[in-house]
Amino acid sequence: MRNFDEFTITEAVLERVAAAADPRVRQVSEALIRHLHAFVRETEPTQAEWMAGIEFLTRTGHMCDAKRQEFILLSDTLGVSMLVDAINHRQPAGATETTVLGPFYVEGPPAFACGADISGGMTGLKLQVGGTVSGLDGTPIAGATIDVWHADAQGFYDVQRAGDLTGRARFRSDAEGRFHFWTVRPAAYPIPHDGPVGDMLEAQGRHPYRPAHIHFMISAPGRETLVTHVFAAGDDYLDSDVVFGVKDSIIRPYVEHAAGTAPDGRAMTGAYATLAYDFRLK
Ligand code: BEZ
Ligand code: FE
């Protein structure tokens, strides 16, 4: 076959992949070809625009290393990560809603006992975080693994700074499914925007910010692992999260208190805040 033109080339490429042995490879290839060709027909790029697109993707790849995953940021900022998350986590009523993992999770975070302060050298408003882990029927889950990680009061994760791991920990829920810990209140922050994804956001007239949040990854035998955040109520960016990750059900007040006795009996000489969330696993 030869002499393809703009009207015949799509069918020709589709025919070429029809012999793929793996039906999933065939399905994904066919959809990719159909949608990519439709995109090109709709936008009718000039040769220079096509080259700019190639250069954008090349820069995106070159930006990636062990610490920076620019393709995930691209997926996040185009809403693809949350679409994949939604398709893969159609939650039954009552299950805690999921959101993006993000690039700052570290496998095997340091283990702490419940009640520990995980803020390390971080400064800011002291925050006590507490909650429970249960099944959909409310039965407490003892011994659940609770990984938490969050940005500091300046909006940076520990892995973005030189030094120790801070604001990052692994806890186990107690016999009643409860856990609590101390840290400092995280700030809203911009995602890394010094690369091609930042250039794209600027060209699209978008800001790079995420509302303040704490990440949770909670797992227990026989349960689907939950990856979510708890966002700060009232944050300026709840309605414009750059990665489209906010859901009403995972917003809670980070309640401020004057100096006094905290819920766990700790004497607080200065103002502090508390945050509570009860997680329900499928
Ligand atoms: C985060 O919340 O850590 C995050 C999520 C997506 C992109 C960048 C950061
Ligand atoms: Fe985050």
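The structure this text deals with has already been given above.
To keep things clear, this report deals only with the structure shown in the data block. (Residues numbered from 1 in each chain as written. Chains lettered and ligands numbered in written order. Predicted model: local features only at pLDDT ≥ 70, side-chain atom pairs only at ≥ 80, totals over all residues. Heavy atoms only, no water.)

1. Some remarks on the overall build of the chain
Phase 1 of the analysis: The helix and strand tally for the chain stands at six helices and 13 strands.
Phase 2 of the analysis: Reported as C-alpha extents along the three principal axes, the dimensions of the chain are approximately 80 × 40 × 30 Å.
Phase 3 of the analysis: A buried classification covers 39% of the 282 residues belonging to the chain.
Phase 4 of the analysis: Taking contacts inside the chain between residues at least 6 apart in sequence as the whole, the part at least 24 apart equals 69%.
Phase 5 of the analysis: Looking at the chain as shown, the accessible area adds up to about 15300 Å², and 56% of this sits on carbon and sulfur atoms. (Helix = DSSP H or I, 4+ residues; strand = E, 2+ residues; numbered from the N terminus. Buried < 20%, exposed > 50% of the residue type's maximum accessible area, 1.4 Å probe, protein only. Contact = heavy atoms within 4.5 Å. Areas by Shrake-Rupley, 256 points an atom, 1.4 Å probe, with all protein chains shown as cover.)

2. Section: the side chain of Arg 68
Phase 1 of the analysis: Here Arg 68 lies in the loop between helix H3 (47–62) and helix H4 (70–77).
Phase 2 of the analysis: Within polar-contact distance, the side chain of Arg 68 engages the side chain of Glu 70 at 2.8 Å. (Polar contact = N/O pair within 3.5 Å; in protein donor to acceptor, adjacent residues only side chain to side chain.)

3. Concerning the environment of Asp 194
Phase 1 of the analysis: You can see Asp 194 is positioned in the loop between strand S5 (189–190) and helix H6 (196–203).
Phase 2 of the analysis: Looking at Asp 194, the relative accessible area reads 59%, which means it is exposed.
Phase 3 of the analysis: Not counting chain neighbours up to four residues away, the residues in contact with Asp 194 comprise Met 63 and Arg 68.

4. What to know about the sheet that holds strand S13 (residues 272–281)
Phase 1 of the analysis: Pairing is mixed across the open sheet formed by four strands, whose spatial order is S4-S1-S13-S10. At either end of the open sheet lies a strand with only one pairing partner, and these are strand S4 (178–184) and strand S10 (255–257). The mean inter-strand angle of the sheet, taken between neighbouring strand axes irrespective of direction, is 25°.
Phase 2 of the analysis: Examined bridge by bridge, S10 and S13 share three bridges and lie antiparallel to one another. (Pairing = 2+ DSSP bridges. Axes fitted to C-alpha atoms, helices over the stretch in contact; angles between N-to-C directions.)

5. Observations regarding the coordination of the iron ion (ligand 2)
The expected angle between donors at a tetrahedral four-coordinate metal is 109.5 degrees. At an octahedral six-coordinate metal it is 90 or 180 degrees.
Phase 1 of the analysis: The protein atoms donating to the iron ion (ligand 2) are Tyr 157 (OH), Tyr 189 (OH), His 213 (NE2) and His 215 (NE2), with metal-donor distances spanning 1.9 to 2.1 Å.
Phase 2 of the analysis: Considering all six donor atoms around the iron ion (ligand 2), angles at the metal cover 54 to 162° and the coordination shape is irregular.
Phase 3 of the analysis: Here the donor residues of the iron ion (ligand 2) are spaced in sequence according to Y-x31-Y-x23-H-x1-H. In this pair, Tyr 157 is assigned in the loop between strand S2 (145–150) and strand S3 (168–172) and His 213 in strand S7 (residues 213–219), connecting sequence segments 56 residues apart. (Donors = N, O, S within 2.8 Å, 3.2 Å for Na, K, Ca; no water. Tetrahedral: all angles 85-135°; square planar, octahedral: opposite > 155°, others 65-115°.)

6. Remarks on a nonpolar patch on the surface
Phase 1 of the analysis: Together, Leu 32, Leu 36, Phe 39 and Val 40 make up an exposed nonpolar region whose accessible area comes to about 400 Å².
Phase 2 of the analysis: Here Val 40 is to be found in helix H2 (residues 23–43).
Phase 3 of the analysis: Of the residues examined, Val 40 reaches a relative accessible area of 42% and is grouped as partly exposed. (Patch = residues over 30% accessible without salt bridge, like charges linked within 9 Å, V, L, I, M, F, W, Y side chains within 5 Å. Salt bridge = Lys/Arg side-chain N within 4 Å of Asp/Glu carboxyl O.)

7. Describing the site of ligand 1
Phase 1 of the analysis: Around ligand 1, the neighbouring residues are Leu 73, Asp 76, Gly 102, Pro 103, Phe 104, Tyr 157, Tyr 189, Ile 191, Arg 210, His 213, His 215 and Val 243.
Phase 2 of the analysis: Contact between ligand 1 and Tyr 157: an oxygen atom at 3.4 Å from a side-chain N or O atom of the residue.
Phase 3 of the analysis: Protein coverage of the free-state accessible area of ligand 1, which is 260 Å², stands at 100%.
Phase 4 of the analysis: Elements that contribute at least two residues to the shell around ligand 1 include exactly H4 and S7.
Phase 5 of the analysis: Looking at side-chain class alone, the shell around ligand 1 contains seven nonpolar, three polar and two charged residues. (Near = heavy atom within 4 Å. Nonpolar A, V, L, I, M, F, W, Y, C, P; charged D, E, K, R; others polar.)

8. Describing the pattern of salt bridges
Phase 1 of the analysis: Taken as a whole, this structure holds 14 salt bridges when the rule is applied.
Phase 2 of the analysis: In this structure, Asp 152 engages Arg 161 in a salt bridge whose closest nitrogen and oxygen atoms are separated by 2.9 Å.
Phase 3 of the analysis: When its relative accessible area of 39% is taken as the criterion, Arg 161 is described as partly exposed.
Phase 4 of the analysis: Taken together, the shared-partner salt bridges connect Arg 68, Glu 70 and Asp 194 into one network.

9. A closer look at the nonpolar core
Phase 1 of the analysis: Counting 31 residues, the largest nonpolar core has Phe 216 and Ile 218 as the members making the most contacts within it.
Phase 2 of the analysis: For this core, the secondary structure elements donating two or more residues are strand S1 (126–135), S2, S3, S4, S7, strand S8 (226–232) and S13.
Phase 3 of the analysis: The leading source of residues in this core is S13, at five residues.
Phase 4 of the analysis: When residues no more than four places from it in sequence are discounted, the contact partners of Phe 216 are Val 129, Ile 146, Asp 147, Val 148, Trp 149, Phe 179, Phe 181, Leu 226, Val 227, Thr 228, Val 230 and Phe 279.
Phase 5 of the analysis: Core analysis: the next-biggest nonpolar cluster, separate from the first, contains 11 residues, Leu 73, Leu 74, Met 82 and Val 197 among them. (Core = buried A, V, L, I, M, F, W, Y, C linked by side-chain atoms within 4.5 Å.)

10. Brief notes about the pairing of S1
Phase 1 of the analysis: Of all 10 residues in S1, eight are buried, a share of seventy percent or more.
Phase 2 of the analysis: In terms of strand pairing, S1 meets S13 through 10 bridges, oriented parallel. Paired with Val 133 across the two strands is Phe 279, which belongs to S13.

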